[in-house]
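What follows is the residue order along each chain.
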Amino acid sequence: MDRRWCGLCLLALTAWLSACASLRFSGNAVLRIDCNVPAASVFINDTFVGIARQWAVDGRLVRPGFMRIELRHPERFTHYQDVTLTKGDAVRLQVTLHPLLDPP
C-alpha cells in the first residue's frame, strides 16, 4: 500500500512540475518586483494586481508585451516604469519609493 501511495505522489509531483515548466515557456514572461516598501500597491496598465511583497519572491507570470507598471503608497512618491517583455523573459525590477516631503 505504501509503495502505491509513493508512486501516486511521485506521478502527481511530476505532472505538477511539468505543468509549471510549460506555463513558463508557453508564451508567458516572469516579472519580479523588489521594492523597499513591501506594502506598496502594484498596478499594471492601471489595474491593481496586488502588493509589492507578493511580487518579490518568485515574481509572477505575465503576458508578454508593453506594460506600464506603477507602485503607489500613500506616504511615498509614486513610481512609474514602462516595460516591454517578450516571451520567456524573466525580468526583475528594483524600485525605491521615496518619502513625500509633507506626508498627509
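Residues numbered from 1 in each chain as written. Predicted model: local features only at pLDDT ≥ 70, side-chain atom pairs only at ≥ 80, totals over all residues. Heavy atoms only, no water.

On to the pattern of salt bridges, then. When their charged atoms lie close together, side chains carrying opposite charge are able to pair. Applying the stated criterion to the full structure yields 4 salt bridges. A salt bridge links Arg 92 to Asp 34, with the nearest nitrogen and oxygen atoms 2.4 Å apart. One end of the pair, Arg 92, is in strand 7 (residues 90-95); the other, Asp 34, is in strand 1 (residues 29-35), and 58 residues separate them in sequence. Ionic pairing is found between Arg 72 and Glu 70, a salt bridge with its closest N-O pair at 2.5 Å. (Salt bridge = Lys/Arg side-chain N within 4 Å of Asp/Glu carboxyl O. Helix = DSSP H or I, 4+ residues; strand = E, 2+ residues; numbered from the N terminus.)

Once that is clear, we can look at the environment of Arg 68. In this fold, Arg 68 is placed in strand 5 (residues 65-72). Taking relative accessible area as the criterion, Arg 68 reaches 35% and is therefore assigned partly exposed. Sequence separation of Arg 68 and Thr 47 is 21 residues, and the distance between their C-alpha atoms is 9.9 Å. Beyond its immediate sequence surroundings of up to four residues, Arg 68 is in contact with Phe 43, Ile 44, Asn 45, Tyr 80, Gln 81 and Asp 82. (Buried < 20%, exposed > 50% of the residue type's maximum accessible area, 1.4 Å probe, protein only. Contact = heavy atoms within 4.5 Å.)

Extensive coverage of strand 1 is indicated by the burial of 6 of its 7 residues. In this sheet, strand 4 (residues 60-62) lies alongside strand 1 in antiparallel orientation, the contact comprising 3 bridges. From the neighbouring strand, Leu 31 faces strand 4, where its bridge partner is Arg 60. (Pairing = 2+ DSSP bridges.)

Moving on, we get to the sheet that holds strand 3 (residues 47-51). By definition, the strands of a sheet pair up through backbone hydrogen bonds, in either a parallel or an antiparallel sense. Read from one edge of the open sheet, 4 strands run 3-2-5-6, paired in antiparallel fashion. Strands at the two margins of the open sheet, each flanked by one partner only, are strand 3 and strand 6 (79-85). Adjacent strand axes in the sheet meet at a mean angle of 25° when their direction is disregarded. In terms of strand pairing, strand 2 (residues 41-44) meets strand 5 through 4 bridges, oriented antiparallel. Its bridge partner lying in strand 5, Ser 41 is registered against Arg 72. (Axes fitted to C-alpha atoms, helices over the stretch in contact; angles between N-to-C directions.)

The sheet contact formed by strand 2 and strand 3 spans 4 bridges and is antiparallel. Across the sheet, the residue bridging to Ile 44 is Thr 47, located in strand 3.

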